[in-house]
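# Analysis of the macromolecular model
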Amino acid sequence: MRYTQLGRTGLKVSRLVLGTMNFGPQTDEADSHAIMDAALDAEINFFDTANVYGWGENKGRTESIIGNWFAQGGGRRDKVVLATKVYGNMAADGDAWPNHDKLSALNIRRAVDASLKRLQTDYIDLYQFHHVDRNTPFEEIWQAIDVLVQQGKILYVGSSNFPGYKIAQANEIAARRGGTIGVVSEQCLYNLAERRAEMEVIPAAQEYGLGVIPWSPLNGGLLGGVIKKEVEGGRRASGRAADALADPTARARIQAYEDLLDKHGLEPGEVALAWLLTRPGVTGPIVGPRTDEQLASALRAVELELSDELLAGLDEIFPGPGPSPEAFAW
């Protein structure tokens, strides 16, 4: 495994991030524990979750599964850089009370204590704002975070799904307050087929020293060889991938992508991950393997070297917006 610094921090994290969103809803606890053990064996040390994962009546279930895994000992907690998130309403569906969500000082205090209990740990390495809160000023948010840092409950703060201007606003207010390191990472939707983050989010992250953590690196499976699997009678596309393939233009683009990689003898999913690892500012994509082979494929992507010819071919199929602000200024 290769490692890098998380943004401007001294924290070393693996170039792949283990995503846990399926733990509970799709993957049972025993299999989830096996996947986390396999990730550690592969020297992946960066695990990502959120307080709402488990969803519906089972919100918090994913954190509990991770906590039970930590409780098995063997140095599991010490080896992991643990990231979780706050924002979503944790009340039972249909029973949402005010202040049970978003980024008020009250909810942050309530949410971090609940996450710590579920995770069976006394600190969170990276505490991420899962979404912007348009109603809570950053002065209040940073005051709440400062208390948690002083208490030793969290070490670093990250954002998720933030626009560029909110990254700037968060860190400028943190700097004015003094004593607050500010946001050190941004977790955003970013992949070959979805490059809008290059317009402002990634430039803002680079300007303020944030590590970029792309989620959905295969764009819901669309970049994982979905047409080839369809033809071979394998797993059919669903969700975002199925919706995209219903568009003839999008389907032709994915077919061109798979044809290009077939020409080079490469696997689509591995190239999609490897491409992200070439992008400026990217710390590592979030992967959510359901099988040992999927984990092995992700690990191969870390070592994969993409030629200039292949990179140019990928840009032809999935052109980015171009440099900011020229991309939208003229």
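Our subject in this report is the structure included herewith. (Residues numbered from 1 in each chain as written. Predicted model: local features only at pLDDT ≥ 70, side-chain atom pairs only at ≥ 80, totals over all residues. Heavy atoms only, no water.)

### Describing helix α1 (residues 29–41)
What counts, and what does not: Comment: elements are numbered from the N terminus, with helices defined as DSSP H or I runs of at least four residues and strands as E runs of at least two. Under the convention used throughout, the expected extent of a helix is 1.5 Å for every residue step, that is, one less than its residue count. In this scheme, a residue with accessible area under 20% of its type's maximum is buried, one over 50% is exposed, and one in between is partly exposed, where area comes from a 1.4 Å probe on protein chains only. Here, residues are in contact when the closest pair of their heavy atoms is within 4.5 Å. Residues adjacent in sequence count toward polar contacts only when both atoms are side-chain atoms; beyond that, a polar contact is any pair of N or O atoms within 3.5 Å, and within protein one must be able to donate a hydrogen and the other to accept it.
With 13 residues, α1 should cover 18 Å at 1.5 Å per step; its first-to-last C-alpha distance of 18 Å lies within 8% of that length. Restricting attention to buried positions, one finds in α1 the residues Ser 32, His 33, Ile 35, Met 36, Ala 38, Ala 39 and Leu 40. The elements touched by buried residues of α1 are β3 (17–19), β4 (46–48), α2 (61–70), α3 (76–79) and α12 (292–303). At the N-terminal boundary of α1, the capping side chain belongs to Asp 28, with an oxygen 3.3 Å from the backbone nitrogen of Ala 30. In the segment just after α1, Glu 43 is the residue with positive phi, at about 70 degrees.

### A few points about the sheet that holds strand β5 (residues 81–86)
This is how it is decided: If DSSP finds at least two bridges between two strands, the strands pair. All axes here are fitted lines through C-alpha atoms, helices being fitted over the stretch that makes contact, and every angle between N-to-C directions spans 0 to 180 degrees.
Judged by pairing direction, the sheet is parallel, and its eight strands sit side by side in the order β9-β8-β7-β6-β5-β4-β3-β10 without closing on themselves. Of all the strands in the sheet, just β9 (211–215) and β10 (286–287) have a single pairing partner and so form its edges. Against the sheet, helix α5 (residues 138–151) engages β6 (124–129), β7 (154–160) and β8 (183–189), with an angle of about 145 degrees to β7.

### Notes on the packing of helix α10 (residues 248–264) against helix α11 (residues 268–278)
What counts here: Any angle between 65 and 115 degrees counts as roughly perpendicular, while under 35 counts as roughly parallel, over 145 as roughly antiparallel, and the rest as oblique. Under the scheme applied here, ten amino acids are nonpolar (Ala, Val, Leu, Ile, Met, Phe, Trp, Tyr, Cys and Pro), four are charged (Asp, Glu, Lys and Arg), and all others, including Gly, are polar.
Taken N-terminus to C-terminus, the directions of α10 and α11 make an angle of 95 degrees; their axes are 10 Å apart at the nearest point. On the basis of their axis angle, the class for α10 and α11 is roughly perpendicular. In contact with Tyr 257, Glu 258 and Leu 261 of α10, α11 contributes Pro 268, Val 271 and Ala 272. A per-class count over the contact of α10 with α11 returns five nonpolar, no polar and one charged.

### Details of empty space enclosed by the protein
Stated precisely, the cut-off is as follows: Points on a 1 Å grid, built from protein atoms alone, make a cavity when a 1.4 Å probe fits but cannot get out and make a pocket when they are open with protein on both sides within 12 Å along at least 5 of 7 lines; residues with an atom within 4 Å of a point are the lining residues. Grid points are joined across faces, edges and corners, and a volume is the space filled by probe spheres set on the points.
All told, the structure shown has one cavity of 30 Å³ or more when counted by the stated rule. By volume, the largest cavity is sized at about 40 Å³. Lining the largest cavity are Gly 19, Asn 22, Phe 23, Thr 27, Ile 35, Gly 288, Pro 289 and Arg 290. Of the residues in the lining of the largest cavity, the class split is three nonpolar, four polar and one charged.

### Re the layout of surface pockets
In this structure, the largest pocket spans a volume of roughly 1500 Å³. Mapped by element, the contributors of at least two residues to the lining of the largest pocket are α8 (226–231), α9 (239–245), α11, β10 and α12. The leading source of residues in the lining of the largest pocket is α12, at five residues. For the lining of the largest pocket, the class distribution of residues is 16 nonpolar, 21 polar and 12 charged. Put simply, the second largest pocket is a space of about 240 Å³. Here the lining of the second largest pocket gets three residues from one element, more than from any other, and that element is β8. A class-by-class count of the residues in the lining of the second largest pocket yields six nonpolar, two polar and four charged.

### Points about the side chain of Glu 258
Our working rule: In this charge count, Lys and Arg are treated as positive and Asp and Glu as negative; neither His nor the chain ends contribute. What makes a salt bridge here is a side-chain nitrogen of Lys or Arg within 4 Å of a carboxyl oxygen of Asp or Glu, nothing more.
By the element assignment, Glu 258 lies in helix α10. For the buried Glu 258, which has no salt bridge, the nearest side chain bearing the opposite charge is Lys 228, at an N-O separation of 7.4 Å. A polar side-chain atom of Glu 258 sits 3.0 Å from the main-chain amide nitrogen of Ile 227. If sequence neighbours within four positions are ignored, Glu 258 has contacts with Gly 225, Val 226, Ile 227, Lys 228 and Pro 268.

### Observations concerning the environment of Val 157
Tracing the backbone through its elements, the reader meets Val 157 in strand β7. Setting aside anything within four residues of it in sequence, one finds Val 157 in contact with Leu 126, Tyr 127, Phe 129, Trp 142, Ile 145, Gly 182, Val 183, Val 184 and Ser 185.

### Notes on the pairing of β9
Note the threshold: With strands facing away from the observer, any crossover in which the path from the first strand over the helix to the second runs clockwise is taken as right-handed.
For β9, the buried fraction is high: four of the five residues fall into the buried class. Of the crossover connections in this fold, the one passing from β8 over helix α7 (residues 201–207) to the parallel β9 is right-handed.

### Describing the pairing of β8
Within β8, six of the seven residues are buried, which leaves the element mostly enclosed by the surrounding structure. Of the strand pairs in this sheet, β7 and β8 are connected by three bridges, and their pairing is parallel. Across the sheet, the residue bridging to Ser 160 is Gln 187, located in β8. Tracing the backbone out of β7, into helix α6 (residues 164–177) and back to the parallel element β8 gives a crossover that is right-handed. Pairing of β8 with β9, which is carried by five bridges, proceeds in the parallel orientation. For Cys 188, the partnering residue across the bridge sits in β9 and is Pro 214.

### Examining the packing of aromatic side chains
The condition is simple: Put simply, two rings from Phe, Tyr or Trp (the six-membered ring, in Trp's case) pair if the centres are within 6.5 Å, and we call them stacked under 30 degrees between planes, edge-to-face over 60, tilted for the rest. Two thresholds decide whether a charge sits over a ring: the Lys NZ or Arg CZ must be within 6 Å of the ring centre and within 35 degrees of the ring normal.
Summed over the entire model, instances satisfying the criterion amount to eight aromatic pairs. Centre to centre, the rings of Trp 69 and Phe 70 are 5.6 Å apart; their planes meet at 45 degrees, and the pair counts as tilted. Owing to a relative accessible area of 0%, Trp 69 belongs among the buried residues under this scheme. These aromatic residues form a ring-pair network of at least three members: Phe 129, Phe 138, Trp 142 and Phe 162. The ring centre of Phe 70 lies 5.4 Å from the NZ or CZ of Arg 77, which sits over that ring.

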